[in-house]
Structure formats: structure tokens, C-alpha cells
There are 2 protein chains.
Amino acid sequence: MARNLIGIDLGGTTTKMAFISVDGEILTKWSIPTDTSDDGKHIVPNIIKSVSAHITSSEFSKADFLGIGMGVPGPIDIENGIVLFAVNLGWKQRQQVRDQIQEALGLPFVLDNDANVASLGEYWKGAGEKDEDVVFVTLGTGVGGGVIAGGRLLHGVNGGAGELGHVTVQPNGYLCNCGKRGCLEQYASATGVVHVAADMAKDFLGTSRLKEMEDNQENVTSKMVFYLADNGDILANQVVDRVTFYLGLALANVANILNPANIIIGGGVSNAGNTLLQPTTRYFQENAFPAVRDSTKLRLAQLGNDAGVIGAASLALRFQKTN
Amino acid sequence: MARNLIGIDLGGTTTKMAFISVDGEILTKWSIPTDTSDDGKHIVPNIIKSVSAHITSSEFSKADFLGIGMGVPGPIDIENGIVLFAVNLGWKQRQQVRDQIQEALGLPFVLDNDANVASLGEYWKGAGEKDEDVVFVTLGTGVGGGVIAGGRLLHGVNGGAGELGHVTVQPNGYLCNCGKRGCLEQYASATGVVHVAADMAKDFLGTSRLKEMEDNQENVTSKMVFYLADNGDILANQVVDRVTFYLGLALANVANILNPANIIIGGGVSNAGNTLLQPTTRYFQENAFPAVRDSTKLRLAQLGNDAGVIGAASLALRFQKTN
């Protein structure tokens, strides 16, 4: 009986793939570069070729797999297995991904948005601890999220559930790519942290390495800001305070609405660890309703880059169970 | 076969009750005063007596009813059928409500928080239009709410899901009874509107009936503020603008997280109708992510005072189906 799953995490630079057991253990994982040339038309054929070759060269046959799940950086028509568009992949128009892959590989295929898929990964094998109510927020180049309530991933009526990056934290604040102002993404993503740092440096009068870097137009990264804050830089600490205020406020409101057992913080910015988590938790507690504050916990993600492939595999498993 | 349900809406002043068909039609409804004397110890016996008498005097027998549902103004231990406390009922300690009523009336009994129950009512027979994803916010003396996602009422890990009244809309704003600051309830409840009006009147320089009323220490109500706004009073319009800004912001963030088909606004303040709904919708649209703004609609509640008994009946029906 088939006991394995295939998880695919399709990103703008790399496509990660893995064979994963139904218990969520990674059996083997590999990756290929994502070829976004020619409007991304090589992406799906390359995935098919790579998965096919890995099955052939492995100890497994196709019959050992229950199905394939994939996370994609863009909005999805889940029912029809279509990616509506995905700027980072060069996909400007609808892509019928499911039918292509199902036909070529002869395995059931299901896909979802990458942040949703990563949420499922952390829920299944990471920091979610299998609680039925878990929210995941990923702080990367942008800010994404996923909401699992009663053990089910929520999509909402138009696929917009879990768009935590677009929670308004500062009315009339920074303009976001989405067209509105004051989105969390503009403050708590890696690019948001850099933006906040540049702005706050303008008005800062004092001794600070971060201020020097900004004045000398050196390349400031989010990682650098947290590193400097950790090492006592005053401006860097003010930047972290402002960023974590917005993050703590947004997550407190998520919790006031959903009261999940855990809110899991992942993505590159979360590598700052406690330098991010501690002040965020303080602002979270300040803005969460008592019954919620006492029960909803903030945690750092545990799976790192594997959340995508593990979550994608879990998607395939869930799909099997409901069909 | 039993085709009917009993819905009870237990409030601080009145207890509303109804016999309701499994299709959600009210067959008969009545109410009794809620006797909160002696720490509320007469409340449950009075309900038992009243329901029992109404069954006897009706065309129905006990066998015609599937069960009883009830909404209560306080936090609940749903699994054990216990009300943890309910200030407005005089219940300072845990009350084993379910066992008392089940034993006395011999019918299955289930209870939930009143705002959750009203949400189910609007979801089932009111403005929810039976979409699977619906959020309900009730603007009364306080602000409550309920979240239905994928057709299921969410409770969260500690019963705090749907506490929309405690979404922070103004960091470091008005102090709330819950102990934190800037809760939606402090701005968009009936008492919140009055508070905002009193504060804004202090700084207002101009001609306004509302300003006059505040200066003369006349009794200003939320209803009066909306009435004056409707009739062109400048200060009253500024108050409505501020209140609806906060409400629109909070509901936009609910929608950015959940993307429900509908957010339904009920409670006494919602009787202001379009004077409330239009500016709230404008601020909602300003703060909602495009995919959400285009799909989540704000609507006024339709069931009025009947939402409680209808929702309570629906709770009993849902309970039957899952047990």
C-alpha cells in the first residue's frame, strides 16, 4: 500500500522537492533552479521531469505514492487546480498546473498558496503541536500567513483568508504594493524593516552604527538591524521596537478574533529569534484581551526551509482523506 | 418524529424563548423577566417552569422537540454545559446549567455565548445568506461577535474567538473594562459613541445641537448622536466619522484575516442603518486588501431581537447532528 507523499515548494528562485512518509518524515529531498524565462513556461515541465527522474532512480515505484502537493507564490483557484498568476514565476496569466502534472505523472495532485502550505507544515510537524487552532505568519521579503481553525485551513470566500501581511497596523501609513496604506508587510517584512530603519535614521540624533551606515549609504539589511540591536545600537533598538510594536499589535488582533493555541512566526526575519520574539510578545500581551492573552502563545517556527515541502505533502495527504 | 426546537435567549433584563421548527421558523415566542435577585438563583428554575408550562399549554408534547439551545451573556465551558460567570445575571460563580435543565425537562440541552448564538441566527435565517464564512458583530451596550468559518462556529483554544469588541483600534486609547486600552468596544458600542461624543464636544468650536446638549449636561444617547448626524449636525457627523473609522478599520482587519462572504452588523447601534453602514463601508474599503475588499460585504443584521432565539434553536439542531 502506498505510504508516501511528494511535497513541492515552488519558489521564485528554487523549487524544493521531497519524498515524505505519511508520518511527515522527509525520506529524501532535492531542489532545482526555477527557470522563469519565457513567461515561466518551463517551470511545470521541469518539475515533471525532475520528479519522474527521482522516482525512477529511487527505491520507490509510482504505486508507493499517494499523491503530490505543491505550494505556489500566488493566488490559486484550488477547486480547478489553477494558479491565477504569480509575478515571481513570470506567470502573468492563469496556469492549469494540476491537469498537466496529474496527466504526466499519473498521481493525484493538489496545490495551494505557499504561505498556507507552510502553515500546514508547521501545524503538522513543527511548532503547531497539532493544536486544532493555529495561525502562521511568515516574515520574508513580504509577509504572508495561514489560518488553521478547527484543524482546517481557511481560505475565505475569495482565497483571501490568512493575508496577515495586509492587516492595517498604521492607518494612512506606508503605501503597500497592494494599493492600500499601513499594511503590516510594509513594517515587518525584511524590506519593511529596512524601510523603517531608513526613515527613523533621518530624524535620529546620536551615536549609532546603523545611523552611520544609513548616512554612508551602506547596504542595510533586516538581519543587520537585528544584529546591531542585539549589540546595543540605540537606533537599531528603536527600529526593532517600532517593528515589533506593529507585529505585536497585528498578532494580538488576530488572536482577539481567533484565539488560536499558537501563533507561529517564521520566515527569514524570524531568524532574529528572541530579539524579535520578546518585544513582539510584550506588545502582543499589551493588545490582547485577557482570556486570549492567557491562552494564545507566540512561538518561533521550527521547520525552517522544510516547512514548504512538508506542508505540501500534508496537503496531498489531507486531500486523500477528503476525497 | 420530532421536528421542533426550543431556543432561549437569556439576557440581563428579559429571557426570550421560542418554539422553532427545524426549518428555522418561529412557531411561537414569549418572554419572562430575568430575576437576577439572590445571585441569580431563580433564573434557571424560572426557565424550566416557563418552558414546561408552554409545552403543556401548546399543541405539542415533549416528544415533538429535538432539543433546547440557549445563549448566555458570559463565558461558557461548552463541553460541560457550565456558565463560568455572568455579571449581568448576578452569577458570580460557575453554574451547572445544562444538567439542571436536561434533568428537569428531559430534552438534550446545549448552550453558548450570546453573541455566538446571535451569529448562528443571522447565519441560518438572516443576513448570512447561508454562506459558509460569516462574521457577526453586535454593537449594543458592549460589542460582541461571532466567527463562522467553513460553516463552523469558532471558539478558539480558550473560548475567546469572536471577541471583536476587544480588537485594538487605537493603541493607548480609551481604557476598557477588560483592562487593556483602545478596544473597539470603547468607541463603537452605544456607551462608546456617547464617550466619543463627550470627548469631541470639549474641543468643538461651532454651532451644534449636540455641543449644546453636552454643555447643558443633557442626556446624550448613541441614538441621538446618529439622529443629529442624519440631520446635519456638524459635531454629530464628526463623532459618527470617528466611530465608523474605528469600526471600518476593525472589520477590515477581520476580513484581511478571514475573508468571510459577509460581515453582519447587528445590535442597537446598527438601528442607525445607512448612517452607520455607509461611512463604515468606506473605511472598511480603505483598509481591506483588494481581493478581500472585492469579495467581503458588510451588511446590516436582519433578525433584530429574534437572532438570539433562532440562533439558540440552530445550536440545538447542530448539536443533534454532531452527536
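Residues numbered from 1 in each chain as written. Chains lettered and ligands numbered in written order. Predicted model: local features only at pLDDT ≥ 70, side-chain atom pairs only at ≥ 80, totals over all residues. Heavy atoms only, no water.

Undergrad: Outline the overall build of chain A, supporting the account with residue identities and numerical values.
TA: The helix and strand tally for chain A stands at 12 helices and 13 strands. Here the C-alpha atoms of chain A give a radius of gyration of 20 Å, agreeing with the 20 Å that 2.2 N^0.38 yields for 323 residues. A principal-axis box enclosing the C-alpha atoms of chain A has dimensions of 65 × 45 × 35 Å. Of all 323 residues assigned to chain A, the portion counted as buried reaches 59%. If you take every contact in chain A between residues at least 6 apart in sequence, the share linking residues at least 24 apart comes to 61%. Across chain A, the mean location of the 25 positive side-chain charges is 2 Å away from that of the 33 negative side-chain charges. (Helix = DSSP H or I, 4+ residues; strand = E, 2+ residues; numbered from the N terminus. Rg over C-alpha atoms; globule rule 2.2 N^0.38 Å. Buried < 20%, exposed > 50% of the residue type's maximum accessible area, 1.4 Å probe, protein only. Contact = heavy atoms within 4.5 Å. Lys, Arg positive; Asp, Glu negative; His and termini not counted. Charge placed at Lys NZ, Arg CZ, Asp CG, Glu CD.)

Undergrad: Break down the side chain of B:Gln186 for me, citing the residues and quoting the values.
TA: Residues and elements named next belong to chain B. In this fold, Gln 186 is placed in helix H5 (residues 185-188). On the basis of relative accessibility, which here comes to 12%, the residue Gln 186 falls in the buried class. Once residues within four sequence positions are removed from consideration, Gln 186 is found in contact with Tyr 174, Leu 175, Cys 176, Asn 177 and Gly 192.

Undergrad: Can you explain the relation of the copies chain A and chain B? Please cite residues and give values.
TA: Take chain A, turn it by 180°, move it 0.0 Å along the axis, and it overlays chain B with an RMSD of 0.0 Å. Both copies are brought into coincidence by an operation consistent with a two-fold rotation axis. When you check the interface residues of chain A against chain B, 100% turn up at the interface there too, and the contact is symmetric in its surfaces. (Least-squares fit on C-alpha atoms with pLDDT ≥ 70 in both.)

Undergrad: Any details on the sheet that holds strand E7 (residues 95-96) of chain A? Residues and values, ideally.
TA: Residues and elements named next belong to chain A. Pairing is antiparallel across the open sheet formed by 3 strands, whose spatial order is E5-E6-E7. Strands at the two margins of the open sheet, each flanked by one partner only, are strand E5 (76-77) and E7. Pairing of E5 with strand E6 (residues 82-83), which is carried by 2 bridges, proceeds in the antiparallel orientation. Bridge pairing links Ile 76 to Val 83 in E6. (Pairing = 2+ DSSP bridges.)

Undergrad: Describe in detail the domain arrangement of chain A, supporting the description with residues and values.
TA: Residue and element names in this part refer to chain A. What the domain assignment reports for chain A is domain 1 (4-120 + 306-322) and domain 2 (131-301). Computed over C-alpha atoms, the centres of domain 1 and domain 2 are 29 Å apart. Facing 8 residues of domain 1, the contacting portion of domain 2 comprises 10 residues. Here domain 1 packs against domain 2, burying approximately 750 Å² in sum over the two surfaces, 59% of which is carbon and sulfur. (Domains from an automatic or database assignment. Buried area = accessible area lost by both parts, 1.4 Å probe.)

Undergrad: Give a description of the interface of chain A and chain B that names residues and reports values.
TA: Contacts between the two partners involve 41 residues from chain A, matched on the other side by 41 residues from chain B. When chain A packs against chain B, close to 3,200 Å² is buried across both sides, 64% of that on carbon and sulfur atoms. Looking only at chain A, the three residues that lose the most surface to chain B are A:Val157, A:Ile257 and A:Phe289, adding up to 20% of its buried area. On the surface where chain A and chain B come into contact, there are 0 salt bridges. The interface formed by chain A and chain B holds 22 residue pairs in polar contact (both at pLDDT 80 or more) in total. For the side of chain A that touches chain B, the elements supplying multiple residues, two or more each, are strand E10 (143-149), helix H9 (234-258), helix H10 (274-287) and helix H11 (290-293) of chain A. (Salt bridge = Lys/Arg side-chain N within 4 Å of Asp/Glu carboxyl O. Polar contact = N/O pair within 3.5 Å; in protein donor to acceptor, adjacent residues only side chain to side chain.)

Undergrad: Tell me what's going on with helix H6 (residues 190-203) of chain B, and back it up with residues and numbers.
TA: All names here are of chain B. All buried positions along H6 are accounted for by Gly 192, Val 193, Val 196, Ala 197, Met 200 and Ala 201. Mapping the buried residues of H6 onto a view down its axis gives an arc of 165°, with all of them on the same face. Buried residues along H6 sit against H5, helix H7 (209-215), helix H8 (222-230) and helix H9 (234-258). (Arc of directions from axis to C-beta.)

Undergrad: Hey, could you go over the environment of A:Lys41 for me, with residue numbers and the actual values?
TA: Position of A:Lys41 relative to the elements: it lies in the loop between helix H1 (37-40) and helix H2 (43-57). The sequence separation of A:Lys41 and A:Gln95 amounts to 54 residues, and the corresponding C-alpha distance is 9.4 Å.

Undergrad: Describe the side chain of B:Ser270, naming the residues involved and giving the relevant values.
TA: All names here are of chain B. Note that Ser 270 resides in the loop between strand E12 (262-266) and helix H10 (274-287). Polar contacts involving the side chain of Ser 270 include one to the main-chain carbonyl oxygen of Gly 267, which spans 2.6 Å. Setting aside residues no more than four positions away along its own chain, Ser 270 makes contact with Leu 139, Ile 265, Leu 276 and Leu 300.

Undergrad: So what's going on with the sheet that holds strand E11 (residues 152-153) of chain A? Which residues, and what values?
TA: Residues and elements named next belong to chain A. Taking strand neighbours across the sheet as the criterion, the 5 strands line up as E11-E10-E9-E12-E13 in an open arrangement whose pairing is mixed. In this open sheet, the two strands that pair with only one neighbour each are E11 and strand E13 (297-300). Where strand E9 (residues 134-139) lies against strand E12 (residues 262-266), 5 bridges are found, and the strand directions are parallel. Opposite Thr 138, over in E12, you have Gly 266 as the bridge partner. H10 contacts E9, E12 and E13 of the sheet and is inclined by roughly 165° relative to E13. (Axes fitted to C-alpha atoms, helices over the stretch in contact; angles between N-to-C directions.)

Undergrad: For the packing of aromatic side chains, give the residues involved together with the corresponding values.
TA: All names here are of chain A. All told, the structure shown has 16 aromatic pairs over all chains when counted by the stated rule. Between Tyr 187 and Tyr 246, the ring centres sit 4.4 Å apart and the planes meet at 45°, which makes this aromatic pair tilted. Of this pair, Tyr 187 sits in helix H5 (residues 185-188) while Tyr 246 is found in helix H9, placing the two residues 59 residues apart along the sequence. Clustering of aromatic rings is evident, with ring pairs tying together Tyr 174, Tyr 187, Phe 245, Tyr 246 and Tyr 283. The cationic tip of Arg 282 hangs over the ring face of Tyr 283; the distance from NZ or CZ to the ring centre is 4.6 Å. (Phe/Tyr/Trp six-rings, centres within 6.5 Å; stacked < 30°, edge-to-face > 60°. Lys NZ or Arg CZ within 6 Å of the ring centre and 35° of its normal.)

Undergrad: Would you mind going over the packing of H8(B) against H9(B) in detail, with residue names and values included?
TA: Residues and elements named next belong to chain B. Two elements in contact, H8 and H9, have axes whose closest approach is 8 Å; the angle formed by their N-to-C orientations is 115°. The hand of the H8/H9 crossing is left-handed. Across the interface between the two elements, Val 225, Phe 226, Leu 228 and Ala 229 of H8 pack against Ala 236, Asn 237, Val 239 and Val 240 of H9. (Left-handed = near helix turned anticlockwise from the far one by under 90°.)

Undergrad: Could you give an account of the environment of B:Asp23, with specific residues and numbers?
TA: Residues and elements named next belong to chain B. Tracing the chain through its elements places Asp 23 in the loop between strand E2 (14-21) and strand E3 (26-33). Residues Asp 23 and Leu 317, spaced 294 residues apart in sequence, show a C-alpha to C-alpha distance of 9.9 Å. Filtering out sequence-adjacent residues up to four positions away, Asp 23 remains in contact with Trp 124 and Lys 125.

Undergrad: Outline the pattern of salt bridges, listing residues and values.
TA: With the rule as written, the count across this model stands at 22 salt bridges over all chains. A network of salt bridges, in which partner residues are shared, links A:Arg209, A:Glu212 and A:Glu218.

Undergrad: Residue-level account of unusual backbone geometry, with values.
TA: Residue and element names in this part refer to chain A. Located in the positive-phi region is Asp 39, a residue other than glycine, with phi close to 55°. Positive phi, normally seen in glycine, also occurs at Gln 217, with a value near 55°. Relative to the assigned elements, Gln 217 resides in the loop between helix H7 (209-215) and helix H8 (222-230). Judged by its relative accessible area of 73%, Gln 217 falls in the exposed class.

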